[in-house]
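# Summary of the model geometry
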Amino acid sequence: MGKVTDVTPRDVEIYFLPVETRIPVKFGPETLTHVTCARVMIRVEDRLGRSAGGGEETPLSVQWVWPSSLPYEHRHLP
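Summarised in this report is the structure supplied together with it. (Residues numbered from 1 in each chain as written. Predicted model: local features only at pLDDT ≥ 70, side-chain atom pairs only at ≥ 80, totals over all residues. Heavy atoms only, no water.)

### Some remarks on the overall build of the protein
Heads up, the rule is: The way it works is that DSSP assigns letters per residue, a run of H or I at least four long becomes a helix, a run of E at least two long becomes a strand, and they are numbered from the N terminus. The buried label goes to any residue with under 20% of its type's maximum accessible area, the exposed label to any with over 50%, and the partly exposed label to all in between, with areas taken from a 1.4 Å probe on protein chains only. Here, two residues are considered to be in contact whenever any of their heavy atoms come within 4.5 Å of each other. Computed with a 1.4 Å probe, the accessible areas rest on the Shrake-Rupley method; for each residue, only the protein chains presented here act as cover.
Looking only at helices and strands, one finds two helices and three strands in the protein. Scanning the protein from its N terminus toward the C terminus, one meets helices and strands in the order β-β-β-α-α. Considering the protein as a whole, with its 78 residues, one finds that 18% of them fall into the buried category. Here the contacts in the protein between residues at least 6 apart in sequence split such that 47% fall between residues at least 24 apart. About 6,200 Å² of surface is accessible on the protein, with carbon and sulfur atoms providing 61% of the total.

### Regarding the pairing of strand β3 (residues 51-59)
Looking along a regular strand, one sees side chains alternate from face to face of the sheet. Heads up, the rule is: Should DSSP find at least two bridges between two strands, the strands are regarded as paired.
As paired elements, strand β2 (residues 30-46) and β3 share nine bridges and run antiparallel to each other. In the sheet register, Val-44 faces β3, and the bridge partner there is Ala-52. A loop of four residues connects β2 with β3, the two strands running antiparallel in sequence, and Gly-49 in this loop sits at a positive phi of about 85 degrees.

### Considering the pattern of salt bridges
Just so we agree on the cut-off: Any carboxyl oxygen of Asp or Glu that lies within 4 Å of a side-chain nitrogen of Lys or Arg is treated as forming a salt bridge with it.
Using the criterion set out here, one finds three salt bridges in the structure. As a salt-bridge pair, Arg-10 and Glu-45 come within 3.7 Å of each other at their nearest N and O atoms. Of the two residues, Arg-10 sits in strand β1 (residues 7-27) while Glu-45 sits in strand β2, which places them 35 residues apart along the sequence. Given the relative accessible area of 26%, Glu-45 is considered partly exposed. Linking Asp-46 and Arg-50 is a salt bridge whose minimum nitrogen-to-oxygen distance equals 2.7 Å.

### Looking at the sheet that holds β1
Put simply, the test is: Helix axes are fitted only over the stretch in contact, all axes being lines through C-alpha atoms; the angle between N-to-C directions runs from 0 to 180 degrees.
Strands sit in the order β1-β2-β3 across an open sheet of three strands; the sheet is antiparallel. The open sheet has two edge strands, β1 and β3, and neither has a second partner. Strand-to-strand twist in this sheet, taken as the mean axis angle between neighbours without regard to direction, amounts to 15 degrees.

So this is what it looks like as structure tokens:
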């Protein structure tokens, strides 16, 4: 048996948003002028049928999570 505070996901959406930087940003050997952000939205429901939603966003910056000698553009999402 679950807790009263348990929630069940009812809906999840993900968006990929292109972002142009205001100024060039240098990460390691490369300078970037754009990145892609992933935004996730979720709606949950508790045992009483009440629902709530929210979301978060993060840049998908391959420079520090996937170090490589390949240029950023080759590793960036199309």
